[in-house]
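Structure assessment
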Amino acid sequence: MSESSVLQVNGLKTSFFMDKTEVPAVDHVDFDLKQGEIIAIVGESGCGKSVTSLSIMGLVPHPPGKVVGGEVFFNDEDLLKVSESKMRDIRGNEIAMIFQEPMTSLNPLFTIGNQITEAILIHRKWSKKQAKAKAIEYLKLVGLPRAEALMNEYPHQLSGGMRQRVMIAMAMVCEPKVLIADEPTTALDVTIQSQILALMKRLNQKLNTSIILITHDLGVVSEICERVIVMYAGKIVEEADVKTIFEHPEHPYTKGLIQSVPDIRNKKERLYSIPGNVPIPGSIKKGCRFADRCEFVMDRCREKTPELISIEGDHKVRCFLHQESEEQN
Amino acid sequence: MFSYTIRRLLMLIPVLFGMTFIVFFMIRAIPGDPAQVILGQLATEEAINNLRAELGLDQPWFTQYFEYLKQLLTLDLGESLRTRTAVSEEIWPYMAATFELSFVALLIAVVVGVNAGIISAWFQKSWFDYTAMVVALVGVSMPIFWLGLMEQWIFSVQLDWLPPSKRENVKNPVETITHFYLIDSLIQGRMDQFVDVVKHLIMPGIALATIPMAIIARITRSSMLEVLRSDYIRTARAKGQKMFWVVYKHSLKNAVIPVLTVIGLQTGLLLGGAILTETIFSWPGIGRYIYNAIEYRDYPVIQSGILIVATIFVLINLIVDLLYAFIDPRIKYN
Amino acid sequence: STTTEEAPPPEEKAGETNEPEETKDTEEEQNKESDADPVDNTLVFGRGADSVGLDPATITDGESIKVTLNIYDTLVKYADLDTSIEPSLATSWESSDDGLTYTFKLREGVKFHDGTDFNAEAVVYNFERWANGDKSSFYYYSSMFGGFKGDEGHVIQEVKAIDELTVEFTLSRPQAPFLQNVAMPVFGIASPTALEKYGESFTENPVGTGPFVFQEWKRNDKIVLVKNDNYFMDGYPKLDSVIFVSIPDNATRLNELIAGEIDVADGVSPNDGSRIEGESDLQLFTRPSMNVGYLGLTNTRPPFDNKLVRQALNHAVDKEGIIAAFYAGQAEPAKNPLPPVIAGYNDDIEPYPYDLEKAKELLAEAGYPDGFEMELWAMPVPRPYMPDGQKVAEVLQNSFAQIGVEAKIVSFEWATYLEKARNGEADAFLLGWTGDNGDADNFIYVLLDKDNIGSNNYSYYSNDELHDILIAAQSNPDQEARVELYKQAQEIIHDDAPWIPLVHSTPILGGKNNVADFFAHPTGSQALTKVYFE
Amino acid sequence: MPKMLLEVEKMKKYFPINGGILGRKIGEVKAVDDVSFSVYEGETFGLVGESGCGKSTTGRSLLRLHEPTEGKVTFNEKEITSLSPNELRTIRRDVQMIFQDPFASLNPRQTVEKILEEPLIVHNIGTPKERKQMVSDMLDTVGLNSYHAKRYPHQFSGGQRQRIGIARALMTKPKLIIADEPVSALDVSIQSQILNLLDDLQKGFSLTYIFIAHDLGVVRHICDRVGVMYLGKIVELSSSEKLYEKALHPYTEALLSSVPIPDPTYEREHIELIGDMPSPSNPPTGCSFHTRCPQCMEICKTVQPKFEEIEEDHYVACHLFSKNEQL
Amino acid sequence: MAELAPNKAPETAIRGARFLLWLEAWKSFKKNKLAVVGLIIVLIFVFLAVFAPVITPEGINEQKLAERLQPPSSEHWLGTDDFGRDILSRIIHGARISLWVGFVSVIGSIVVGCFLGILAGYYGRWVDTLISRFFDIMLAFPSMLLAIAIVAVLGPSLRNALIAIAIINVPNFGRLIRSKVLSIKQEEYITAAKAIGMRDRRILFHHILPNSMAPIIVQGTLAIATAIIEAAALGFLGLGAEPPTPEWGKMLADSKDYLVQAPWTMFFPGIAIMLTVLGFNLMGDGLRDALDPRMKN
Ligand SMILES: Nc1ncnc2c1ncn2[C@@H]1O[C@H](COP(=O)(O)OP(=O)(O)OP(=O)(O)O)[C@@H](O)[C@H]1O
Ligand SMILES: Nc1ncnc2c1ncn2[C@@H]1O[C@H](COP(=O)(O)OP(=O)(O)OP(=O)(O)O)[C@@H](O)[C@H]1O
Ligand SMILES: [Mg+2]
Ligand SMILES: [Mg+2]
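Residues numbered from 1 in each chain as written. Chains lettered and ligands numbered in written order. Predicted model: local features only at pLDDT ≥ 70, side-chain atom pairs only at ≥ 80, totals over all residues. Heavy atoms only, no water.

Per an unreviewed UniProt entry, chain D goes by Dipeptide ABC transporter ATP-binding protein and derives from Chengkuizengella axinellae.

Under the annotation held in an unreviewed UniProt entry, chain B carries the name ABC transporter permease and is attributed to Chengkuizengella axinellae. According to UniProt, the comment filed for chain B under the heading Subcellular location (unreviewed entry) is "Cell membrane". (UniProt positions renumbered as here; feature names shortened; annotations may be inferred.)

Here you go:
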């Protein structure tokens, strides 16, 4: 475990068992998260982003899902091996998580106050009063007006943006080392999205919390992240710092993805589009999972799965195009 | 909320009105003349005609119907043709008997059903889940008159543990105050009678509870399963909350609405008189009261009995609806 | 006279009544009761239905009579096990030779439960009350005594108190079964004071002179009677109290008996007889048979208007088989409408043998060589004479089928059943009768005379010759002569075959072993005066 | 100047809110509140705005899928708002819709073939055999194969379903297509496929689009003219070039500055709006944006700004630019 | 999102496309073991019902009073009843009755319920108010009492019991359909259908009704179960089938008195009712899971 790493994921593999066949949703994912860093995991719907984060939290729905391999090191412990009660101590306390749907992620039948203080009282032996004060403090911290009044309100009385702030407050209230945010802004309007992103950035700087931001929006990535992991069909296909990804994408998928986003700054005559569709998980048994949609596909792409290799510093790619050049070098 | 309640109560009027209409004309379509029934087979034509006149049965149906409605408006439920007593006076003991039995049945059904449902959902696909659900299915598939007879045979005839029928030991009767024997025996400090009453309640209670219990267990399970899959449950778990509290605090409250609906409907059915159970266990409840009235063509009793049962049914379901709003802050009736 | 049994059609089955009334007058008395701890010497009598009312004059159903019989006394009463006449409120009586005057000497020192004296005036009061009856009440009075005052056929011309303890009845025409009739429990003498006091609600506040005093009535549930300490029979009653509880379901009632919750179970289904015998702490009571169960054929409906068809069907019934299967042997096959215990029974009649060939021949002769289709009505409720009408119907259906007669079993609710049958809508119907005064007239005239078409003559059988005989028998005070007339009547009936007489059953009751001196009376209602626990 | 195909004048759509003891109307949601615009033949007209601002309601009211509360809609010189139900049905042949959720808008129990054939049946076009041919041609056109014809919607991926939705809209050879967020449910890589397809079809069939979206990038890419909606009103309307170069209305500006740009090197100032859009059942007085406007003035709180043409073909409703006010 | 591999042989494999949905439902149904057990139970009873005359060892009505109440033996597998009739034969024939009552009454309720439900759901306004209130009234009745009263009006017979059961179930279906119509009316594909200019009636029959079928089938299956029990209950009260019809509830009532003496007479008809009802319930559950994707886990 490197010095500043807070979380280290090695060879994580999580599968779903449907009718007794194993469908791997996350397949050998490795990455490091450093202290105070914001990394992004991007990729299209179904590529395994959420499952990765749930695996880290030990919340993969079981059945049908199960983490079948790998390690997740946190505080020198493999989270995949610790007991459920130990894991409960970590959840929400040291690693917190917020979810995509602010509308449905809060329990509609309990007040905001109740839900935030609960998060505190699970982990801290505080009085209700103390917990309440802390909750109000955090509601203010995430920029919610009328924090005291909000404590007694129900989620449905809040707008989407407010709810997402509450979620963030709830996640941060125990001052976790790591915050996993699974598409925290996808359901929100752009104006609200930019508020939330700014908030996360602020919290990251102020509390030095490491953040894993999961998204499919490359714009969001470029706004606040330092490092980017691109996933495709359960595997990491490219990893690099944010500038490199946008300026020198190496994997054909990453390239295609970046090019197919329409930009508000200028009108392209025609958008680039990657042909075909994202494969059904488990449908591709051998070879590169992008092969069917790849412009540069070679015979070997269909036969063997390329490794994720480092091409330049922290820049890693999983593609035979680069493996070759590596090998030649 | 208040105005919603008022509106619902107003809506009750046409329902009850329609009800009186249907009941009134339907029971008069049943062949057989109450005067004849009352007087028996020895009665002369003349005697029957006299009695008919006395009871107002010789009037055209519509006249009789309007008379009846007029009566109802003054909250007069009429007089039993057979016992010549005001229905409003004589109905209470039957209602109480039914309430008491239904309450016990419902208690059993809810406590067992809800918990079985919760545990099944929590440990989905475990042996408990499978067993509980198969048992529940067998429960709903069981003809309860059969179950009742089997119970009697096993527990009172073979094992002699429980009294086979009725509400109390006739030789040691409960002195009635409220007509709820559990309460009556308690407030008089007669523990022996209380135990006796409880013993009498067990078998019919279970027989009556079987079906609602099974239904409640099933609905609780499916409702819980849905809730357990929801995002906010994941949130609760992500906070580090214990599964027990996730289930019993976060999930149950959310899952309870459909369960409540079912409980409301089932309560209505129970109160509507489980005639078969009441017959088998000689339970002097409202179901048999009305059933007998049908046999005797005791029109006022049938009319008022059904009207009261229906009103209670509708009211219970209204209360259930209002309860939703207490449980779920999103529901606002305006 | 008429019966207890039929009149009350609906009442008896799973019937239940309903009353709230009970509570008020109950509570005080109950307090007393719980202090007294009546458990020890209390008899719990389980039966199929609740009573309808407790004013004996107005009731018609057996379940009411079972109770009133224990609250009231009649002038004369039946013996414990048959219908012979014994003194009761009247210690002696005599009749004039022409049969038009009866003089009763009354018992001295008898008091009603309300403390008022029983005397000749009270008797007169009661008879006057009945004779002036409102037409919608007192059915028994009018049917036993030919209507009310002023009616043409009214029998009791006058009832006079000769002195404090002597009453004289003057009849307008001789009535042979007069004493039999007066002994009927429905003519129990009620307290005039109480009658005045309670008016309409007397039926819920009965006051008589009988062995037991009414205490409480919870409709559909139970009636509680307690010992009359001042009863005129010395040392009686032996029980402290009696509780009549209604348990509609036969099986449940038996379970209650086995479980020891009740002491006597009425209306035990014949099949359960063996079960009771099998229990060491139970005993079986049999009620001497005084009934008839029959299949009535509506004589006005084709093809039953054809005597040959009726006779053919008479040949097609295996009575022995039915008795073995559904009466558990507790019955004897019937060949007459009269049960054998009743004077006038014609034992010389040869029953129609069970002979399907013969039946077919008769059918062919009647013009139905291929049989026909018919409806066979089955009673929906158990009766002592027919514990399970449906099953008997099934057996009949099965044997009729063998002679080509396709019977469809039909049933209605009891009230409807009777009404429709009375209207002559049935082809063939199961029914029966329990005698209530032990007189032949109470069977043959009531059930088969043309006068009673539209009433108890459900089969619409009308024969003028028979009518003349029956009327003659009614007013002839000479018992011998009457017996002859009834024997003659039975011959006519046998030949005309308006019914298929099926059985005379011996109804059974179950009781705890320690119940002693319980006499199941043939009329279906018994006084519990002598009962005690061993 | 190209021909005007559709003209919307002062259209309003209020949804009633029921309640009270007798369930009467106790209020209304002003989903669309006085909207006017016109669409020219062959162009793509975009409607953008935050969720709930009334874009879909506007689109649907045009076709009278919601009956507009007030206002006039003229299509091809026919006044849609006053047509009889029968005439309306005929008009619908020429104006078709594509829906946001490609799954929800396809009947799950019909095969693709059936789904596509239905518009033809409804409008009595062709014999069964011809119709079959037309269906298979159309499938080719939208990039599916005719062997897909016998399948059910759930057997397709999101992008393919949206192609089916598009094919259905094209079956009757309409002139105008109202596309209500046709790509917002799709993944980026699929989104670009669909956008390209729409582009191609526009050329091939000489279609006019009304394109509703909340993604400003997509709108920029595909639209010729854009209307920006806020709380039931169009606050700015202009050609897409002008709008993206130099937005006038403070809301548009804020909106544009909030869009994350997939370019980490690109620096710009964010205009952060405070709070959320007010409820359309209780809109603010004056300018409906004044509660969140960074440049709010006193007048904005009371007086509703007029929707005026500030420059050629550039309409704005804002007091900052109001000519009258400045005079 | 699921994409079918495009290189699979198309045309032939996909013939009978209408069936495809059912095929898929069947596949998911097949996986549900309990549901399959239910189906098998139901099929067995259906088989017994259809071939009753062929397979029963004896006729249902052959009374042999001499052989009454015999315990199960090799000759009479389930013993004989109080008429000496073979219980097995009667139970097998009874399957006909119960299934007949179940199916016919439920189909009756569905037809009437659908008609009223569609009227209410589709036309709304006062039609809806009227019909809905009518359903409310019907539902507020204690259902068993209502059935008893109806039978009392019509006279007790199997047919009338069937009618009574059908009547008391009408509002259940009516409400179901109404709510389905109302909710489907809100679906986007209905808007889409309107947008292509489709007439209301076509929308109703081509879109709304077919999409309401699944819940009706599910509810129908479960209702058959209830109907069988209700028929048995009416039979038990003596308000159902006429003798000697071997209706199970009636068989139970008939043998009630023999519970101790000859328990098999009471035991087997009870088991038959329970099994059949269980079969339908299991099947209904399975169908619900298979046809209603929301219930899938
Ligand atoms: N509960 C589940 N049961 C079965 N398969 C699942 C389940 N959850 C996820 N999967 C499968 O795992 C794969 C990865 O899903 P995941 O939710 O991680 O995708 P994602 O990248 O988060 O997509 P999105 O952007 O849509 O959230 C998907 O293909 C999905 O089919
Ligand atoms: N059928 C309806 N009944 C009542 N209110 C409605 C109805 N449809 C829409 N609304 C309300 O009208 C307003 C505008 O809705 P609309 O769907 O047009 O917004 P939108 O701009 O399309 O939003 P989105 O981006 O979320 O699709 C919203 O506040 C909505 O709640
Ligand atoms: Mg996800
Ligand atoms: Mg919209």
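**Considering the overall build of chain D**
Within chain D one finds 10 helices and 12 strands. Taking the principal axes of the C-alpha coordinates as reference, chain D spans close to 65 × 60 × 45 Å. The buried share among the 327 residues of chain D stands at 59%. Partitioning the intrachain contacts of chain D with sequence separation of at least 6 by distance along the chain shows that 63% fall at a separation of at least 24. Carbon and sulfur atoms make up 49% of the accessible area of chain D, which totals about 12600 Å². (Helix = DSSP H or I, 4+ residues; strand = E, 2+ residues; numbered from the N terminus. Buried < 20%, exposed > 50% of the residue type's maximum accessible area, 1.4 Å probe, protein only. Contact = heavy atoms within 4.5 Å. Areas by Shrake-Rupley, 256 points an atom, 1.4 Å probe, with all protein chains shown as cover.)

**Points about the UniProt feature "transmembrane region" (unreviewed entry) in chain B**
Residue and element names in this part refer to chain B. Mapped onto the present numbering, the UniProt feature "transmembrane region" (unreviewed entry) falls at residues 9-30, 101-123, 130-149, 201-220, 255-281 and 301-327. Spanning residues 9-30, this segment combines 95% helix with 0% strand, and its end C-alpha atoms are found 32 Å apart. Helix makes up 100% of residues 301-327 and strand 0%, with an end-to-end C-alpha separation of 38 Å.

**Thoughts on helix 15 (residues 441-448) of chain C**
Across the 8 residues of helix 15 of chain C, 8 count as buried, placing the element largely inside the fold. The inward-facing, buried residues of helix 15 of chain C abut helix 5 (139-144), strand 13 (291-297), strand 17 (428-434), helix 16 (464-475), helix 17 (479-496) and strand 18 (499-505) of chain C.

**What about the pattern of salt bridges?**
Applying the stated criterion across every chain, the model contains 76 salt bridges over all chains. Its salt-bridge partner being E:Arg85, residue C:Glu394 comes within 2.5 Å of it at the nearest N-O pair. With C:Glu394 in helix 13 (residues 389-402) and E:Arg85 in the loop between helix 3 (52-55) and helix 4 (87-123), this pair bridges two chains. E:Arg85 sits in the buried class, given a relative accessible area of 1%. D:Lys12 serves as the salt-bridge partner of D:Glu70, at 3.5 Å between the closest nitrogen and oxygen. With D:Glu70 in strand 4 (residues 70-75) and D:Lys12 in strand 1 (residues 4-19), this residue pair connects regions lying 58 residues apart in the sequence. Given a relative accessible area of 44%, D:Glu70 falls into the partly exposed group. Assessed through its relative accessible area of 18%, D:Lys12 is described here as buried. Taken together, the shared-partner salt bridges in this structure form one network comprising C:Arg47, C:Asp50, C:Glu63, C:Lys66, C:Asp266 and C:Arg287. (Salt bridge = Lys/Arg side-chain N within 4 Å of Asp/Glu carboxyl O.)

**Brief notes about the nonpolar core**
Formed by 232 residues in total, the largest nonpolar core has its most connected members in C:Leu295, C:Leu396, C:Phe400, C:Tyr417, C:Leu430 and C:Leu502. With 19 residues, helix 9 (residues 200-236) of chain E is the single largest residue contributor to this core. Residue contributions to this core reach at least three from each of two domains, namely domain 1 (2-73) and domain 2 (91-327) of chain B. If we skip the residues at most four places from it in the chain, C:Phe400 touches C:Leu295, C:Leu313, C:Ala316, C:Val317, C:Met374, C:Val405, C:Ala407 and C:Ile500. Membership of the second largest hydrophobic core comes to 104 residues, among which are A:Phe16, A:Ala96, A:Ile120 and A:Met200. (Core = buried A, V, L, I, M, F, W, Y, C linked by side-chain atoms within 4.5 Å. Domains from an automatic or database assignment.)

**Some remarks on the sheet that holds strand 12 (residues 315-317) of chain A**
Residues and elements named next belong to chain A. A sheet is described by the order of its strands in space; here 8 strands give the open sequence 6-7-8-3-9-10-12-11, paired in mixed fashion. The strands lining the two open edges of the sheet, one partner per strand, are strand 6 (95-98) and strand 11 (309-312). Neighbouring strand axes in the sheet, compared pairwise and without regard to direction, differ in orientation by 20 degrees on average. Inspection of the sheet shows strand 3 (residues 38-42) paired to strand 8 (residues 210-215) by 5 bridges, in the parallel sense. The partner of Ile-41 across the bridge, within strand 8, is Ile-214. Sitting on the sheet, helix 1 (residues 49-57) touches strand 3, strand 6, strand 7 (178-182), strand 8 and strand 9 (227-232), and the angle it makes with strand 6 is about 145 degrees. The sheet contacts of helix 10 (residues 252-260) involve strand 9 and strand 10 (235-241), and relative to strand 9 the element is tilted by about 105 degrees. (Pairing = 2+ DSSP bridges. Axes fitted to C-alpha atoms, helices over the stretch in contact; angles between N-to-C directions.)

**Remarks on the environment of E:Ala253**
Position of E:Ala253 relative to the elements: it lies in helix 10 (residues 248-255). Measuring from C-alpha to C-alpha, the distance between E:Ala253 and E:Met266 comes to 8.2 Å, with 13 residues separating the pair along the chain.

**Details of the site of ligand 1**
All names here are of chain A. Around ligand 1 there are 15 residues in total, and Ser-45, Gly-46, Ser-50, Val-51 and Pro-281 lie nearest to it. Between ligand 1 and Cys-47 there is a distance of 3.3 Å, counted from an oxygen atom to a backbone nitrogen or oxygen. Burial of ligand 1 by the protein amounts to 69% of the accessible area it has alone, namely 630 Å². Take the shell around ligand 1: its biggest share by element is 3 residues, from helix 1. (Near = heavy atom within 4 Å. Polar contact = N/O pair within 3.5 Å; in protein donor to acceptor, adjacent residues only side chain to side chain.)

**Description of the packing of helix 13 (residues 286-296) of chain B against helix 14 (residues 299-327) of chain B**
Residues and elements named next belong to chain B. Between helix 13 and helix 14, the shortest axis-to-axis distance is 9 Å and the interhelical angle comes to 150 degrees. Comparing their axes, helix 14 and helix 13 come out roughly antiparallel. In this structure, the crossing between helix 13 and helix 14 has a hand that is left-handed. For the pair helix 13 and helix 14, contact is made by Ile-286, Tyr-289, Ile-290, Ala-293 and Ile-294 and by Val-301, Ile-302, Gly-305, Ile-306 and Val-309, respectively. Considered class by class, the residues forming the contact of helix 13 with helix 14 number 9 nonpolar, 1 polar and no charged. (Parallel < 35°, antiparallel > 145°, perpendicular 65-115°, else oblique. Left-handed = near helix turned anticlockwise from the far one by under 90°. Nonpolar A, V, L, I, M, F, W, Y, C, P; charged D, E, K, R; others polar.)

**Here we look at the sheet that holds strand 10 (residues 241-246) of chain C**
All names here are of chain C. The 7 strands are arranged 8-9-10-1-11-19-12 in an open sheet whose pairing can be described as mixed. What marks the edges here is a single partner per strand, and that holds for strand 8 (212-218) and strand 12 (282-286). With direction set aside, neighbouring strand axes in the sheet form an average angle of 20 degrees. This element, helix 8 (residues 250-258), spans strand 1 (42-47), strand 11 (264-268), strand 12 and strand 19 (508-512) of the sheet and lies at about 155 degrees to strand 11.

**Quick word on the interface of chain E and chain C**
Contacts between chain E and chain C engage 20 residues on the former and 23 residues on the latter. Summing both partners gives a buried area of about 1900 Å² for chain E against chain C, and 50% of it is carried by carbon and sulfur. In this assembly, chain E and chain C are joined by 2 salt bridges. When the shortest N-O distance is used, the salt bridge between C:Lys391 and E:Asp82 registers 2.6 Å. Connecting chain E to chain C are 4 residue pairs in polar contact (both at pLDDT 80 or more). Among the elements that line the side of chain E that touches chain C, the one with the most residues is helix 10 of chain E, at 3 residues. Partitioning the side of chain E that touches chain C into residue classes produces 8 nonpolar, 4 polar and 8 charged. (Buried area = accessible area lost by both parts, 1.4 Å probe.)

**Notes on the packing of aromatic side chains**
For the structure on display, the rule yields 61 aromatic pairs over all chains. Taking the centre distance of 5.4 Å and the plane angle of 50 degrees together, the rings of B:Phe25 and B:Tyr65 count as tilted. Placement of B:Phe25 in helix 1 (residues 2-29) and of B:Tyr65 in helix 4 (residues 61-73) is noted, with a sequence separation of 40 residues between them. Residue B:Phe25 is classed as buried on the basis of its relative accessible area, which comes to 16%. Note on B:Trp92 and B:Phe180: the rings are 5.7 Å apart at their centroids and 80 degrees apart in plane angle, and the pair reads as edge-to-face. Linking B:Trp92 in helix 5 (residues 87-122) with B:Phe180 in the loop between helix 7 (144-158) and helix 8 (181-187), this pair joins segments that are 88 residues apart in sequence. Grouping aromatic residues by their ring pairs yields a cluster made of C:Tyr102, C:Phe104, C:Phe127, C:Trp130, C:Tyr141, C:Phe145, C:Phe148, C:Phe169, C:Phe178 and C:Phe187. Geometry around D:Phe103 places D:Arg161 over its ring, the cationic atom sitting 4.0 Å from the centre. A cation over an aromatic ring shows up here: E:Arg68 above the ring of C:Phe326, its NZ or CZ 5.3 Å from the ring centre. (Phe/Tyr/Trp six-rings, centres within 6.5 Å; stacked < 30°, edge-to-face > 60°. Lys NZ or Arg CZ within 6 Å of the ring centre and 35° of its normal.)

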